Amino acid sequence: MEYPHVHETDPDVAAALDAEVDRQRDTLAMIASENHVSPAVMEAQGSTLTNKYAEGYPGARYYAGCENADEVEELAVERAETLWGADHVNVQPHSGTQANQAVYFATLEPGDKILSLDLNHGGHLSHGHAANFTGQLYDVEQYEVDPETGYLDYEGLRDHAESFDPDMIVSGYSAYPREVEFSRIQETADAVDAYHLADMAHITGLVAAGVHESPVGEADFVTGSTHKTIRAGRGGIVMCDEEHADDVDAAVFPGGQGGPLMHNVAGKAVGFREALQPAFREYAEQVVANARALADSFAEQGFEVVSGGTDTHLVLVDLRESHPDVTGGDAEDALTEAGIVLNANTVPGETRSPFDPSGIRAGTAALTTRGFGEAQLREVGELIYRVVDAHDDESVIADVRERVAELTDEFPLYEDDEQFPTPE
């Protein structure tokens with residue numbers, strides 16, 4: 001992968017881009033919100049559509065010359081409707097957070113009530129955290145997972161909703177490893193006359209492939225990110241029925257954004273086409289199988305795995321029992337030095353600062369894209385435990401880094417296109 005024009009125009013940026021290619025090739029990407037997109041998606045995202053202003057929607061733009069942008073956006077929408085079975089799709093949000101913002105703006109007034117999962121229990125900043133606009137504009141209360149099991153407490157959520165009487169209930173999570181029963185949450189929302197926003201940011205690809213229950217057709221609104229398990233262009237997406245379509249579209253533009261990033265929309269369209277191929281279901285099934293193998297490996301080594309396992313692409317580890325003197329930040333730093341890139345994360349019942357919490361979160365989407373299977377994820381689990389267990393031992397870190405280099409050589413990234421789906 002080369003950047004000849006950037007090298008000529010801006011050697012400093014070119015050097016950083018080259019270094020990033022090397023970093024991705026030579027490390028194990030295990031941040032659960034990351035993946036490796038195909039060269040085709042990257043070509044679309046680097047296309048001449050970056051030059052085009054296309055405020056508005058296909059057939060109703062504010063500028064001339066949008067005929068090609070219209071075609072690309074229409075393709076992205078049609079493919080998304082097919083992938084998720086949605087009545088209406090807006091592919092313009094710049095991110096998952098802005099997709100959520102559009103739903104809030106379309107349905108709520110400042111001061112309205114939102115009930116969402118606490119960040120320490122696997123929620124997301126855009127669901128009502130005090131540092132986010134949602135926590136500043138709306139009256140937010142938060143539910144929790146069962147502290148004993150790590151699973152969502154659906155009955156407790158129902159009781160909380162009946163006492164709080166929210167205008168909106170938010171489901172979908174950034175660090176919850178179990179399958180979400182969206183239909184049960186919709187029943188609660190119906191019982192208290194609240195909207196239900198299902199944010200499937202992390203599991204868009206798993207839902208598209210049919211390996212996770214779909215919130216589409218259950219929840220009033222569904223949002224997601226398009227660059228995680230769906231492996232398309234970076235950005236967000238909103239889905240709803242026709243009743244809310246006009247309000248959602250107006251909340252995206254002009255309510256919260258100006259012109260869409262049409263090059264990103266092109267990346268979404270290409271990635272959605274890839275996800276419509278039969279091979280994508282096999283990929284998504286392998287993502288989950290790999291995550292379960294990783295969780296089993298962690299448990300066998302002695303880590304406390306939150307909820308005892310996983311149904312998705314991520315595994316959450318609480319270090320307090322096995323390594324009480326090692327913080328998530330300690331683990332993250334040592335693992336990065338060893339070539340394994342994941343993130344420190346809060347855990348249910350968190351007792352440390354969110355800036356240096358008690359857990360780590362590991363995802364399998366990117367490694368599955370590289371071709372890793374269950375055997376490799378079991379070994380990676382062992383390598384992670386070795387580093388955490390001796391996080392200040394340079395010799396152990398060096399040994400693990402050497403093994404990581406062997407694995408990355410065995411499963412190369414961006415050396416050719418064979419590990420990525422080619423639509424027929």
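The following refers to the structure shown. Quick caveat: nothing in here was measured; it's all calculated off a predicted structure.

**Topic: the overall build of the protein**
Scanning the protein for helices and strands turns up 16 helices and 15 strands. Relative to the 2.2 N^0.38 estimate, which gives 22 Å for 424 residues, the radius of gyration of the protein is 21 Å and therefore close to what a compact globule would have. For the protein, buried positions account for 56% of its 424 residues. Nonlocal contacts in the protein, meaning residues at least 24 apart in sequence, comprise 73% of its contacts between residues at least 6 apart.

**Considering the packing of aromatic side chains**
Within this structure, the stated rule accounts for twelve aromatic pairs. Between Tyr62 and Phe253, the aromatic rings sit 5.3 Å apart at their centres with planes inclined by 85°, giving edge-to-face as the arrangement. Taken as a pair, Tyr62 in the loop between strand 3 (60-61) and helix 4 (67-84) and Phe253 in helix 10 (residues 242-256) lie far apart in primary sequence, 191 residues in all. Between Tyr173 and Tyr176, the aromatic rings sit 5.7 Å apart at their centres with planes inclined by 75°, giving edge-to-face as the arrangement. Through a chain of ring-to-ring contacts, the aromatic side chains of Tyr104, Phe105, Phe133 and Tyr138 assemble into a single cluster. Above the ring of Tyr283, the side-chain terminus of Arg231 is found at 3.9 Å from the ring centroid.

**Re the packing of helix 5 (residues 96-107) against helix 10**
At their nearest, the axes of helix 5 and helix 10 sit 8 Å apart, and the two run at 115° to each other. The pairing of helix 5 with helix 10 is recorded here as roughly perpendicular in orientation. As helix 5 packs across helix 10, the resulting crossing turns out to be right-handed. Note on element contacts: helix 10 touches helix 5 through Asp247, Val248, Ala251, Val252, Gly255 and Gly256, opposite Gln98, Gln101, Ala102, Phe105 and Ala106. Grouping the constituent residues of the contact of helix 5 with helix 10 by class yields six nonpolar, four polar and one charged.

**Looking at the sheet that holds strand 10 (residues 236-240)**
Sheets are built from strands paired through backbone hydrogen bonds, the pairs being either parallel or antiparallel. Spatially, 4-10-9-8-7-5-6 is the arrangement adopted by the seven strands of the open sheet, whose pairing is mixed. The open sheet has two edge strands, strand 4 (88-90) and strand 6 (139-143), and neither has a second partner. When strand polarity is set aside, the average angle formed by the axes of neighbouring strands in this sheet is 20°. Where strand 5 (residues 113-117) lies against strand 6, five bridges are found, and the strand directions are parallel. Bridging across to strand 6, Ile114 finds its partner in Val140. Sitting on the sheet, helix 5 touches strand 5, strand 7 (168-171), strand 8 (195-199), strand 9 (221-225) and strand 10, and the angle it makes with strand 9 is about 160°.

**Describing helix 11 (residues 262-275)**
Counted at 1.5 Å a residue, the expected span for helix 11 with its 14 residues is 20 Å, and the 20 Å between its end C-alpha atoms agrees. Here helix 11 lies mainly inside the structure; twelve of its 14 residues are buried. Buried residues of helix 11: Met262, His263, Asn264, Val265, Ala266, Gly267, Lys268, Ala269, Gly271, Phe272, Glu274 and Ala275, and no others. Buried-residue contacts for helix 11 involve helix 3 (39-45), helix 4, strand 10 and helix 12 (278-301).

**Comments concerning the pairing of strand 10**
Within a regular strand, side chains alternate between the sheet's two faces. By the criterion of burial, strand 10 is predominantly enclosed, with five of the five residues buried. The two faces of strand 10 match: Gly236, Val238 and Cys240 on one face and Ile237 and Met239 on the other face are all buried. Taken together, the three bridges between strand 4 and strand 10 define a ladder with antiparallel strand orientation. Following the sheet pairing, Asn90 is matched in strand 10 by Val238. For strand 9 and strand 10, the ladder comprises five bridges, and the chain directions are antiparallel.

**Description of the sheet that holds strand 15 (residues 359-363)**
Overall, antiparallel pairing links the four strands, which are arranged 11-12-15-14 in an open sheet. Lying at the two open borders of the sheet, with one neighbouring strand each, are strand 11 (304-305) and strand 14 (343-345). Here strand 12 (residues 314-318) pairs with strand 15 via five bridges, running antiparallel. Residue pairing in the sheet places Asp318 in a bridge with Gly359 of strand 15. Those strands touched by helix 12 are strand 11, strand 12 and strand 15, and its axis lies near 20° from that of strand 12.

**Regarding a nonpolar patch on the surface**
Together, Tyr53, Tyr62 and Tyr63 make up an exposed nonpolar region whose accessible area comes to about 390 Å². Tracing the sequence through the fold places Tyr63 in the loop between strand 3 and helix 4. Accessibility expressed as a relative area gives 41% for Tyr63, which makes it partly exposed.

**Some remarks on empty space enclosed by the protein**
Unoccupied space between atoms shows up once a probe the size of one water molecule is rolled over them. Evaluation of the coordinates by the stated rule reveals two cavities of 30 Å³ or more. When its volume is computed, the largest cavity comes out at roughly 80 Å³. In terms of lining, the largest cavity is formed by 14 residues, of which the most central are Gly172, Tyr173, Tyr176, Val180 and Ile203. In terms of residue class, the lining of the largest cavity is built from seven nonpolar, five polar and two charged. In this structure, the second largest cavity spans a volume of roughly 30 Å³. In this structure, the second largest cavity is lined by Pro93, Gln98, Gln101, Ala102, Ala251, Val252, Gly256 and Gln257. For the lining of the second largest cavity, the secondary structure elements donating two or more residues are helix 5 and helix 10. Looking at the lining of the second largest cavity, its residues break down into four nonpolar, four polar and no charged.

What counts, and where the lines are drawn
Residues numbered from 1 in each chain as written. Predicted model: local features only at pLDDT ≥ 70, side-chain atom pairs only at ≥ 80, totals over all residues. Heavy atoms only, no water. Helix = DSSP H or I, 4+ residues; strand = E, 2+ residues; numbered from the N terminus. Rg over C-alpha atoms; globule rule 2.2 N^0.38 Å. Buried < 20%, exposed > 50% of the residue type's maximum accessible area, 1.4 Å probe, protein only. Contact = heavy atoms within 4.5 Å. Phe/Tyr/Trp six-rings, centres within 6.5 Å; stacked < 30°, edge-to-face > 60°. Lys NZ or Arg CZ within 6 Å of the ring centre and 35° of its normal. Axes fitted to C-alpha atoms, helices over the stretch in contact; angles between N-to-C directions. Parallel < 35°, antiparallel > 145°, perpendicular 65-115°, else oblique. Left-handed = near helix turned anticlockwise from the far one by under 90°. Nonpolar A, V, L, I, M, F, W, Y, C, P; charged D, E, K, R; others polar. Pairing = 2+ DSSP bridges. Expected span 1.5 Å × (residues − 1). Patch = residues over 30% accessible without salt bridge, like charges linked within 9 Å, V, L, I, M, F, W, Y side chains within 5 Å. Areas by Shrake-Rupley, 256 points an atom, 1.4 Å probe, with all protein chains shown as cover. Salt bridge = Lys/Arg side-chain N within 4 Å of Asp/Glu carboxyl O. 1 Å grid on protein atoms, 1.4 Å probe; cavity = no way out; pocket = protein on both sides within 12 Å on 5 of 7 lines; lining within 4 Å. Points joined across faces, edges and corners; volume = space filled by probe spheres on them.

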